[in-house]
Amino acid sequence: GEEGESGEGKAEAGEVGALESAVGAMDAAVVSATGPKRNLPRHFTQELRNMMYGFGDVESPDSQTVALMQEMMIEFVTALLTQATQAAHSRRRDKPDVTDIKFVIRKDLRKVMRLKYLIGKNQEVKNAKSMINIDKM
């Protein structure tokens, strides 16, 4: 169903926070989409190992496989953020926001649905944290 106007504002704030978190996490590892490859710090090695295991790989995947997965992830995120930045610039903004990400993935229903799911889960976590903080007072 559709949310009321006040619900949309809260969702947009949560979406922006989720996007800022994702962008911040990637800042250290992103390379230019058109530039030469560099040796990147392996910031996401353990997370990728855990994800691979969770999706059915062996408990300790080969380090070359993890490195390849990380390179593919960085290339994907770099391309996505490059396109989102271009969309933001076309709207006369310096930085992309969640609306630019939505614009870039709009034709891929699977990605759109996953983004909506993740934004909803991010909001649930924020709500739970705020409830914990209220209980501590």
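We now turn to the structure provided with this report. (Residues numbered from 1 in each chain as written. Predicted model: local features only at pLDDT ≥ 70, side-chain atom pairs only at ≥ 80, totals over all residues. Heavy atoms only, no water.)

1. A word on the pattern of salt bridges
Thinking step 1. For the structure shown, the criterion picks out five salt bridges.
Thinking step 2. Among the ionic pairs, Lys 111 bridges to Asp 108, the shortest N-O distance being 3.4 Å.
Thinking step 3. You can call Lys 111 partly exposed: its relative accessible area is 35%.
Thinking step 4. Each of Arg 91, Arg 93, Asp 97 and Asp 100 takes part in salt bridges that share partners, so that together they form one network. (Salt bridge = Lys/Arg side-chain N within 4 Å of Asp/Glu carboxyl O. Buried < 20%, exposed > 50% of the residue type's maximum accessible area, 1.4 Å probe, protein only.)

2. Comments concerning the nonpolar core
Thinking step 1. By size, the foremost hydrophobic cluster in this structure holds ten residues: Val 77, Leu 80, Leu 81, Ala 84, Val 98, Ile 101, Ile 105, Val 112, Leu 115 and Ile 119.
Thinking step 2. At the level of secondary structure, the elements contributing two or more residues to this core comprise helix 3 (63-90), helix 4 (98-105) and helix 5 (109-136).
Thinking step 3. In terms of residues, this core owes the most to one element, helix 3, which gives four residues.
Thinking step 4. Once residues lying within four places of it in the same chain are set aside, the contact partners of Ile 105 are Leu 80, Lys 111, Val 112 and Leu 115. (Core = buried A, V, L, I, M, F, W, Y, C linked by side-chain atoms within 4.5 Å. Helix = DSSP H or I, 4+ residues; strand = E, 2+ residues; numbered from the N terminus. Contact = heavy atoms within 4.5 Å.)

3. Notes on the packing of aromatic side chains
Thinking step 1. Enumeration over the complete set of coordinates arrives at zero aromatic pairs.
Thinking step 2. The ring of Phe 103 is capped by Arg 91, whose NZ or CZ atom sits 4.9 Å from the centre of that ring.
Thinking step 3. Between Arg 106 and the ring centre of Phe 103, over which it is positioned, the NZ or CZ distance is 4.0 Å. (Phe/Tyr/Trp six-rings, centres within 6.5 Å; stacked < 30°, edge-to-face > 60°. Lys NZ or Arg CZ within 6 Å of the ring centre and 35° of its normal.)

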